[in-house]
Amino acid sequence: MNVSNSVLSKISRRLQYFFFRSFFPAKKDGVYVAGWIGSGSTFIYQVLRELQVPVYKVHSLPRFHSFNLTFFTIRDPRDVVLSTALRHFSEIANSEGIKPALLKAINHFADKHQSAKEYFSARNVPNLIFIRYETFFLQNEELLIQFLADQIACPVNDRRIKEILKRTSMEANIKRMRSKKDFDEYDPASMIHGKHISNKGKIGGWLDVFDHEVAKVFHNALGDLLISLKYEESANWVKKVI
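This structure is a prediction, so every number in the text was calculated from the model and none was measured.

The rules behind each value
Residues numbered from 1 in each chain as written. Predicted model: local features only at pLDDT ≥ 70, side-chain atom pairs only at ≥ 80, totals over all residues. Heavy atoms only, no water. Phe/Tyr/Trp six-rings, centres within 6.5 Å; stacked < 30°, edge-to-face > 60°. Helix = DSSP H or I, 4+ residues; strand = E, 2+ residues; numbered from the N terminus. Lys NZ or Arg CZ within 6 Å of the ring centre and 35° of its normal. Pairing = 2+ DSSP bridges. Axes fitted to C-alpha atoms, helices over the stretch in contact; angles between N-to-C directions. Contact = heavy atoms within 4.5 Å. Buried < 20%, exposed > 50% of the residue type's maximum accessible area, 1.4 Å probe, protein only. Salt bridge = Lys/Arg side-chain N within 4 Å of Asp/Glu carboxyl O.

## What about the packing of aromatic side chains?
Turning to step 1, where the next piece is worked out: In total, this model carries 11 aromatic pairs according to the counting rule given.
Turning to step 2, where the next piece is worked out: Ring geometry for Tyr-32 versus Tyr-56: centroids 5.4 Å apart, planes at 40 degrees, classification tilted. Linking Tyr-32 in strand S1 (residues 31-35) with Tyr-56 in strand S2 (residues 55-57), this pair joins segments that are 24 residues apart in sequence.
Turning to step 3, where the next piece is worked out: Here a set of aromatic residues connected by ring pairs shows up, and it is made of Trp-36, Phe-72, Phe-109 and Phe-130.
Turning to step 4, where the next piece is worked out: Its guanidinium or amino end placed over the ring of Trp-237, Arg-78 lies 4.7 Å from that ring's centre, counting from NZ or CZ.
Turning to step 5, where the next piece is worked out: The ring of Tyr-231 carries Arg-132 above its face, with NZ or CZ at 4.9 Å from the centroid.

## Overview of the sheet that holds strand S3 (residues 70-74)
Two modes of strand pairing occur in sheets, parallel and antiparallel, and in both the strands are linked by backbone hydrogen bonds.
Turning to step 1, where the next piece is worked out: Reading across from one edge, S2-S1-S3-S4 is the order of the four strands in this open sheet, with parallel pairing throughout. Lying at the two open borders of the sheet, with one neighbouring strand each, are S2 and strand S4 (128-132). Between one strand and the next, the sheet's axes are offset by a mean angle of 20 degrees, whatever the strand orientation.
Turning to step 2, where the next piece is worked out: Helix-sheet contacts for helix H2 (residues 41-50) involve S1, S2, S3 and S4, and the interaxial angle to S1 is about 165 degrees.
Turning to step 3, where the next piece is worked out: In this fold helix H8 (residues 141-151) packs onto S3 and S4, with an angle of close to 180 degrees to the strand it touches most, S4.

## Digging into unusual backbone geometry
Turning to step 1, where the next piece is worked out: With phi around 55 degrees, Ala-153 is a residue other than glycine that occupies positive phi space.
Turning to step 2, where the next piece is worked out: Relative to the helices and strands, Ala-153 is located in the loop between H8 and helix H9 (158-168).
Turning to step 3, where the next piece is worked out: Taking the relative accessible area as the measure of exposure, Ala-153 reaches 68% and is therefore exposed.
Turning to step 4, where the next piece is worked out: Despite not being glycine, Lys-230 shows a phi value in the positive range, around 70 degrees.
Turning to step 5, where the next piece is worked out: By the secondary structure assignment, Lys-230 is in the loop between helix H11 (212-228) and helix H12 (236-240).

## Quick word on the pattern of salt bridges
Turning to step 1, where the next piece is worked out: All chains considered together, the criterion is met by nine salt bridges.
Turning to step 2, where the next piece is worked out: Residues Asp-211 and Lys-99 are paired through a salt bridge, measuring 3.1 Å at the closest nitrogen-oxygen approach. Of this pair, Asp-211 sits in the loop between strand S6 (192-193) and H11 while Lys-99 sits in helix H5 (residues 98-112), and the two are 112 residues apart along the sequence.
Turning to step 3, where the next piece is worked out: For Lys-99, a relative accessible area of 29% translates into the label partly exposed.
Turning to step 4, where the next piece is worked out: Each member of the salt-bridge network shares a partner with another, and the members are Asp-76, Arg-78 and Glu-232.

## Describing helix H10 (residues 170-178)
Turning to step 1, where the next piece is worked out: Those residues of H10 that fall on the buried side of the exposure criterion are Ala-172, Asn-173, Ile-174 and Met-177.
Turning to step 2, where the next piece is worked out: Buried residues along H10 sit in contact with H2, H9 and S6.

Here you go:
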């Protein structure tokens, strides 16, 4: 009997859901943080810890935690691919060049996260708030801290916000990162790994490394997601990448 890949995928997701609910029931007093690689979820986790609320950083689909407030971070998927290449495929980037690492990262993001399906599913999850990286990071972190505090009804003043930002800043996290050898080693309090910060959070860094072939491969795998997120209006951007 032939069973289609879509049927097997649905069965797999159902089994994962059953396993998660059986062994990791929803925590009524917890806030969850999830998101794509390099999209700011670790920063949000750190801020919520500073605000002294129970917080859990996860990598599964947000619908597993639909009874809890969940923050889900998103970012231009092309920058996510670059972060993935530099973080998880750094050996390939160093030995063979950035292009093979980018191609690996595209497959990793498309396959492991089922990113498009994940995003469209998450849009219907109750108690889920999307955080768009480009709106807050590298310019409006104080506003983001205030926003997070408002969502959990935690009063903060300007002084407290600045104190939190000092402990969770890019500079503070780079210092934590440099104390670890590689990504397998991490600080459980801050959730910062070795090689965690790959491009200092630069927005649009993909423009420096994508060539036309990489852009075409990306569009075939993740183009619908890119357009749905309004980072591009059409596939015309691919033609502009040389």
